Amino acid sequence: MESSPAIAVRDLVVEYGSRRILKSINLDIPLGQISVIMGGSGAGKSTLLRTMLGLKKPTSGEIRVLGTNICSAGARQLEEMRKQMGVAFQGGALFTSMTVGENIQLPLRQHTRLDENTIQIMTRIKLDMVNMMPHEHLMPSELSGGMTKRAALARAIIMDPKLLFFDEPSAGLDPITSAELDELIIKLKESMNMTIVVVTHELESVFKIADRIAILGEGELLMVGTPEEIKASEDPRIVGLLNRTPRQVAVDVDDHLRRLAGKAVEPGIPDEAASPDEPGVPGESASAKTADGESANGKSGNKGAAEGQ
Amino acid sequence: MKTIESMGNAVLSSLEQTGRTLLLLLIVVYRIVQPPYQFYAIVRQIYFIGARSLSVIIISGVTIGMVLGLQFYNTLERFGSVDILGSAVALSVLRELGPVMTALMVVGRAGSAICAELGIMRISEQVDALECMAINPDKYLVAPKVIAGLISVPLLTCIFSVVAIFGGYFVGVVLFGVSEGSYINGMIDAVVWSDVRLGLVKSFIFGLLVTLICCAKGFYIHLSKSGSLGAEGVSYVTTDAVVISSIAVLFSDFLIGAIL
Amino acid sequence: MNKINIQLVTGMFVVFGILSFSYLAVTVAGASFIEQPGYNLTARFTSVSGLRPGAVIEGAGVRIGTVSSIDFDPESFEAIVEMRINEGVLVQEDAIAAIRTQGIIGEKYIKIVPGGFEELLTDGMEVYETESAISLEELVSRYIFQTEG
């Protein structure tokens, strides 16, 4: 019998104003595994994460976290659910007026009636798990990038949540620190049996830690599967993503010159081979994603799938 | 045509913001009575809003008192009524200048800081972090500030009034030789409880207005029309908060004075 | 700033504030939270124009009491003033309670002019002899219309 997923996303549609960011997503996050959500910039990863956390209400669809629909949950229900979720935000989001230790303790102080001693011990246990013990009394402004992430992680797990969310853990980190963080994530899953959702676009980390990968592209789910399945995919968008191929732009010389001169572009320009100094490559661009949903309207009238930007 | 359109937008936006601010007040009231109670957070905010404003309040209080003493003496001397200097200074301070000046000082000192702090917290996802930890940001962040304002501003106003009266005393009695007895007794005779009460009511309302407006501006920075969620956005809402709360103070000063 | 320091300073601030408030309320405004020893007398006036609760009651130029409250009697169309007289102040049965103005444009107060009787008024009794507030406009208009007529 299949165990029900930790998170079940069904027909999720999310809009910001008139822009449709997520277009009917269907996704399962399995229990007790590390799931990675990847995608290029503007694909909708952060939006998906925020909706899963209940920070954003979708236009339609539902997300069942541990069985309860977080999109329609009442305030009390939401509170109870959130006590079982831990979140490490992209910038850490540590409270700058408190020390690292105080940051980590905050959920304990607010939600439990534990005595001071126990709180201190639990704090130190989590600090130890993330190798931050000597830094308990530092202020967030005194921490390096890696230390900030680890502190944020410690705060996320202080209440021993069932679900852990990690928004761009490797952003801005050097490779070594990033690798250490990866180890940490794996250790957490194994030792505490946590279901972990990581949103990232750092390829190395992805294949190191992921049990399942979901790839978003332009608000749609391109593919979901194990790392091996993803690697074997022949979808050009996914291949391009994995191979870090820059988006190729086919450029019409005349259009380009006109654009440079500030004049409007005329469609339907007759076919012209790319001139020697333009590295334009015909055919589909490696990834069909556009930067933050604004489609470039300056199309050259020839060859397919060309984007001006 | 565009001017009218932008004026219309401005009105709508102001209405929207006012509504949001009032809603925030209701939410704060609703939340603060639910455990866990934020006692220490409130104390900390009273320290920040009240105790740290003490030096500013005392200095400006003495100064205003001295200015009043000077100006009233000047005028009263021509009518030969300098012995009511005490009552003149005391009444002006207790009924008007005490509450208003204190509130304006607090706006400048603490109000702008509150707005900026909440704005930056919102931008750096600290507010989101609180929500995800099942800690209600209205209760944890905003409510203590509002309550602290409600407590601190009246206290600061009383301190302001007292030092202002002494400022006037210094100018009138020490510098200009008005008799001490007539200053003090003139004051005691003329001032009644309803004067003190008026000043107190004003200071409570001002305290509420100032903290609420500055909190709302910063807390809802992500909903503001300025759009930019960065340093520019923060400076925009902060200056806005200072201006709006100052005007609110002055306007409600008139209203309260008219009603009471 | 550690925890204890903040709480200490805040506490001091609050105490300072409350002391200021008490100074203002009690010393300056003369509000009394404990009822001062004394007794109550009433007096009726045809006009108390300008007199306010809390106004001073004077005898021989010295403050001997405070106006507690002012009510209206619709049947006799008179104002009923409750006066709180300080302990130890003796008011004769035929004493006069007159409403006077401080200076020309000052506030109204009640002046108690002593009478000659030996009997004294005690708590709850009424001062029968009263002089109502003199209004400047009435005086002037009386003068004007007198000279004209």
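Let us look at the structure shown here.

Cut-off values and rules
Residues numbered from 1 in each chain as written. Chains lettered and ligands numbered in written order. Predicted model: local features only at pLDDT ≥ 70, side-chain atom pairs only at ≥ 80, totals over all residues. Contact = placed C-beta atoms within 7 Å. Nonpolar A, V, L, I, M, F, W, Y, C, P; charged D, E, K, R; others polar. Helix = DSSP H or I, 4+ residues; strand = E, 2+ residues; numbered from the N terminus. Core = buried A, V, L, I, M, F, W, Y, C linked by C-beta atoms within 7 Å. Buried ≥ 20, exposed ≤ 12 C-beta atoms within 10 Å, placed from the backbone.

The next subject is the interface of chain B and chain A. Taken together, the contact between chain B and chain A spans 11 residues of the former and 15 residues of the latter. The class makeup of the residues in the side of chain B that touches chain A is 6 nonpolar, 2 polar and 3 charged.

Of note, the phi angle at Ala93(A) is positive, near 50°, even though the residue is not glycine. Its place among the elements puts Ala93(A) in the loop between β6 (85–88) and α3 (100–111). Positioned with a positive phi, Ala60(C) is a non-glycine residue whose angle comes to about 55°. Summarising the element assignment, Ala60(C) is placed in the loop between β2 (56–59) and β3 (62–73).

In this assembly, 2 pairs of chains are in contact, and the pair contributing the most contacts is chains B and C. Separating chain A from chain C is a minimum C-alpha gap of 11 Å, and the two share no contact.

Looking now at the environment of Pro227(A). Residue and element names in this part refer to chain A. Inspection of the secondary structure puts Pro-227 in helix α8 (residues 227–232). In this structure, the C-alpha to C-alpha distance between Pro-227 and Ala-210, residues 17 residues apart in sequence, is 6.9 Å. Discounting chain neighbours no more than four positions away, the residues touching Pro-227 are Phe-207, Ala-210 and Ile-213.

Here the focus is the nonpolar core. Membership of the largest hydrophobic core comes to 153 residues, with the highest contact counts inside it found for Val210(B) and Cys215(B). For this core, the element with the highest residue contribution is helix α6 (residues 137–175) of chain B, accounting for 20 residues. Those residues in contact with Cys215(B) that lie beyond four places of it in its chain are Leu24(B), Ile114(B), Leu118(B), Val142(B), Lys145(B) and Val146(B). Ala43(C), Val56(C), Val67(C) and Leu121(C) belong to the second-largest nonpolar core, a separate cluster that totals 23 residues.

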